Structure formats: C-alpha cells, structure tokens
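Analysis of the macromolecular model
Here's the letter readout for the chains.
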Amino acid sequence: MDTANPALPPPSLRTAWLLQARKHPLVAAGLLLGLVAVGVLLVNSIVTLLAGTASLGLREGLLAGSAGFLATAFGAVGGLVLRKVGQRTEDSMLGFAAGMMLAASSFSLILPGIEAGTNITGSSALGALTVVLGLGLGVLLMLGLDQFTPHTHESCGDCGPGSDRLSRVWLFVLAITLHNLPEGMAMGVSFSQGDMSVGLPLSTAIAIQDIPEGLAVVMALRAAGIPILRAVGLAALSGLMEPLGALLGLGLAGGFALAYPVGLGLAAGAMLFVVSHEVIPETHRNGHQTPATLGLMAGFALMMMLDTALG
C-alpha cells in the first residue's frame, strides 16, 4: 500500500524547524551558539546603556544605516527607469558589490579589529585570535540563519524549513533580509567606538554598493513575476534592514572592551559568508564569470582607495 499522500498539508513551521535541527544538528548547535553570543553582548550593552555610558557613535551609526537604506531605495527607484537590464550588466553590478564587501571586510573590519584586539590584550596573537573568534561567530550565525530561515534563490530555488508554506514574494523578502543584515551590523559595529576613521570609509562603501544592489533586487523580483511597482517597493523596504542591523551592531560592540574587536570580526564573518555563499555564485551562474570578476576587482579597488582616503 502506497502511504504517500501528496494532498497532505505541509508541516507547521515549528515542526519543520525541529526536523531541520535533527537533520543538521551541528548547524543548529552553531546557530544556537551564535545567538547566545549575540544575546550576551546585547545584554551587556543594555547594561552599559542603563549605566549612562552609551555607545559613542550611536548617532553616527544610525545615520550610516539610514544612508544605506536611502541608497538601496535610490537603486530600487532606478528600476522604474531602467525597465530592462542585461544579465551581463546585472552580474557585473553584483560582482562590483561583492568586491566592495570583500575589501570592506578586510580593511575596515578585520584590520581595525586586530589592531583594537592587540591594544586591549597586549599581544598581536591574542588580538588576531579575538577577531578570529568573532569571524567564527559571524559565520555560525549566518550559516544557521541560512539553514533555518525560509527563503529563495534564483539558482537553487526555495530553501529552509517551511518554505512551502510561504508565498514566493515573502521568500524573496526573507532572502534580501539575510543579505542586508550583515551590512547594517558592520556599519553599527564600525561606529560603536565613535571612530570615524573606521566607520566612515566602511559606511560610504556599503552605501555606494547598495545602489546597484537595490537595482539588482528589483530586476530579480521582476524576473520572478512580481509587478514593477511592488518590486520597487519591496526592494526599497529591504533597505530598512540596514538601520536595524546598525542598531544591532552598535549593541554588539558597545559593551565590554573585547566586544569591539569580537563585534568587528563577527560583522566581517557574516559579510564574507554572504559574499561567498550568495553573491559570487549568483554572478557566475549565467556564464558571465569574466565581467563579474572584473566588477569584483573594480569594487575591491574602489573600496581600498576609499579606506585610504577616508580612513
């Protein structure tokens, strides 16, 4: 007797999460560890805030996150004018964004993190180890969120538990959320100590690459059959994760001293995960590896120059 019944409703989201946790116990444990670490840092920052010693760069961090939102919205509105962008051009734009994120992770997050960790611990090895710890937490956090958040990709379809219970629009929105969260966190962490030489070049780079990214999101949503005005609106609203992520980043690194280099490493790890796991594969799936790679190199070079000029 065939027990398969295609008419059965999909499992609830809670049941889907439990099944996913049993299927990937190490990833589930890593996500739990990352969430606990984030929670500890946030609680410590809240205590610091209540004690009257709030983060030095709160205003600047929120302004940076808002700039990221406005840049994303500006790129999204461009979708009203550019009704059609060639796939080669889109892949080149995403490659450019990936290059800026890679350089920002290196020059504006990892290197300042190592310097701060070295100053705090008095040892270059311990300073680097502190940032590596943050990198690991960032990767664990994003890997877990990727495995346990229902979302969709053009290249591999729907992913995550419960994806069959959500509309394709919401799956796209959640995918964009996962992409934008690390950028906002990076801006918040970079301003958490009020250091403009760290926060300004990083936030400028993220805002610049958010423009083609917002346009690319509109094109992806339209390719999925979403009407143009709705696609522009969703792409613009996705930029709200930038100021929200900035608040999270400010909270992560606004507590005890070592939280700053750990927070910088965490933001860098999250961004590197997104670039390697999401952006670069997306730019290579259509056979445009060369223009995408050239775009990546251009974005990397521009970010390096911005870090030198503004840092």
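Conventions adopted
- Residues numbered from 1 in each chain as written.
- Predicted model: local features only at pLDDT ≥ 70, side-chain atom pairs only at ≥ 80, totals over all residues.
- Heavy atoms only, no water.
- Helix = DSSP H or I, 4+ residues; strand = E, 2+ residues; numbered from the N terminus.
- Buried < 20%, exposed > 50% of the residue type's maximum accessible area, 1.4 Å probe, protein only.
- Contact = heavy atoms within 4.5 Å.
- Areas by Shrake-Rupley, 256 points an atom, 1.4 Å probe, with all protein chains shown as cover.
- Expected span 1.5 Å × (residues − 1).
- Bend = angle between axes of the 7 residues up to and from the residue.
- Patch = residues over 30% accessible without salt bridge, like charges linked within 9 Å, V, L, I, M, F, W, Y side chains within 5 Å.
- Salt bridge = Lys/Arg side-chain N within 4 Å of Asp/Glu carboxyl O.
- Core = buried A, V, L, I, M, F, W, Y, C linked by side-chain atoms within 4.5 Å.
- Axes fitted to C-alpha atoms, helices over the stretch in contact; angles between N-to-C directions.
- Parallel < 35°, antiparallel > 145°, perpendicular 65-115°, else oblique.
- Left-handed = near helix turned anticlockwise from the far one by under 90°.
- Phe/Tyr/Trp six-rings, centres within 6.5 Å; stacked < 30°, edge-to-face > 60°.
- pLDDT = per-residue confidence, 0-100.
- Lys, Arg positive; Asp, Glu negative; His and termini not counted.
- Polar contact = N/O pair within 3.5 Å; in protein donor to acceptor, adjacent residues only side chain to side chain.

Moving on, we get to the overall build of the chain. Summing up its helical and strand segments, the chain has 11 helices and two strands in all. In sequence order, the secondary structure elements of the chain are arranged as α-α-α-α-α-β-β-α-α-α-α-α-α. Out of the 311 residues in the chain, the part that is buried amounts to 50%. For the chain, the share of sequence-separated contacts (at least 6 apart) that also reach a separation of at least 24 residues comes to 82%. Carbon and sulfur atoms make up 70% of the accessible area of the chain, which totals about 14,000 Å².

Here helix H7 (residues 196–223) spans 40 Å end to end across 28 residues, near enough to the 40 Å set by a 1.5 Å rise per residue. Its axis deflected by about 30 degrees at Ile211, H7 carries its strongest bend there, up to four residues before the proline Pro212. The buried count for H7 comes to 20 of 28 residues, which makes it a mostly enclosed element. Positive backbone phi, at 95 degrees, marks Gly225, one or two positions downstream of H7.

A cluster of nonpolar side chains, Val77, Leu80, Val81, Leu82 and Leu229, forms an exposed patch at the surface whose accessible area comes to about 480 Å². Structurally, Leu82 can be placed in the loop between helix H3 (58–81) and helix H4 (87–121).

Here the focus is the nonpolar core. Grouped together as the largest cluster of nonpolar side chains are 50 residues, with contacts concentrated most on Leu109, Leu145 and Ala186. Of all the elements, helix H10 (residues 259–284) adds the most residues to this core, at 12 residues. Apart from the residues within four sequence positions on either side, Ala186 is in contact with Leu109, Leu202, Ile206, Ala267 and Met271. Of all hydrophobic cores here, the second largest spans 12 residues; its members include Leu221, Ile228, Ala231 and Ala236.

This brings us to the packing of H7 against helix H8 (residues 228–238). Running from N to C, H7 and H8 cross one another at 140 degrees; their axes reach a closest spacing of 9 Å. Taken together, H7 and H8 sit at an angle that is classed as oblique. Crossing angle aside, the handedness with which H7 passes H8 is right-handed. Two secondary-structure elements touch here, H7 through Gly214, Val217, Val218, Leu221 and Arg222 and H8 through Ile228, Ala231, Val232, Leu234 and Ala235.

Any pair of aromatic rings gets described here by the distance separating the centres and the angle formed by the planes. Tallying each qualifying case throughout the model produces one aromatic pair. Seen from their ring centres, Phe107 and Phe300 are 5.7 Å apart, and the 65 degrees between their planes marks the pair as edge-to-face. Here Phe300 lies in helix H11 (residues 289–310) and Phe107 lies in helix H4, a separation of 193 residues in the sequence. In this structure Phe107 comes out as partly exposed when scored by relative accessible area, which is 23%.

Right, let's get into the pattern of salt bridges. Under the definition given, this model contains one salt bridge. Taking the shortest distance from any N to any O, the salt bridge between Arg285 and Glu282 comes out at 2.7 Å. By relative accessible area, Arg285 is classed as partly exposed at 33%. Of the residues examined, Glu282 reaches a relative accessible area of 14% and is grouped as buried.

What follows covers the confidence of the model for the chain. Fine structural detail should not be taken from predicted coordinates in areas where pLDDT scores are low. Summarising the model, the chain shows a mean pLDDT of 80, and 81% of its residues fall at 70 or more. Averaged pLDDT values for the elements of the chain fall to 63 in strand S2 (residues 157–159) and rise to 89 in H4.

This part takes up the side chain of Asp91. Summarising the element assignment, Asp91 is placed in helix H4. Buried Asp91, no salt bridge; nearest opposite-charge side chain is Arg285, N-O distance 6.3 Å. Polar side-chain contacts of Asp91 include one of 3.0 Å to the side chain of His288.

The subject of this paragraph is the side chain of Asn180. Relative to the elements of secondary structure, Asn180 occurs in helix H6 (residues 168–191). Judged by its relative accessible area of 2%, Asn180 falls in the buried class.

Here H10 spans 36 Å end to end across 26 residues, near enough to the 38 Å set by a 1.5 Å rise per residue. At Val275, H10 shows its largest kink, close to 35 degrees.

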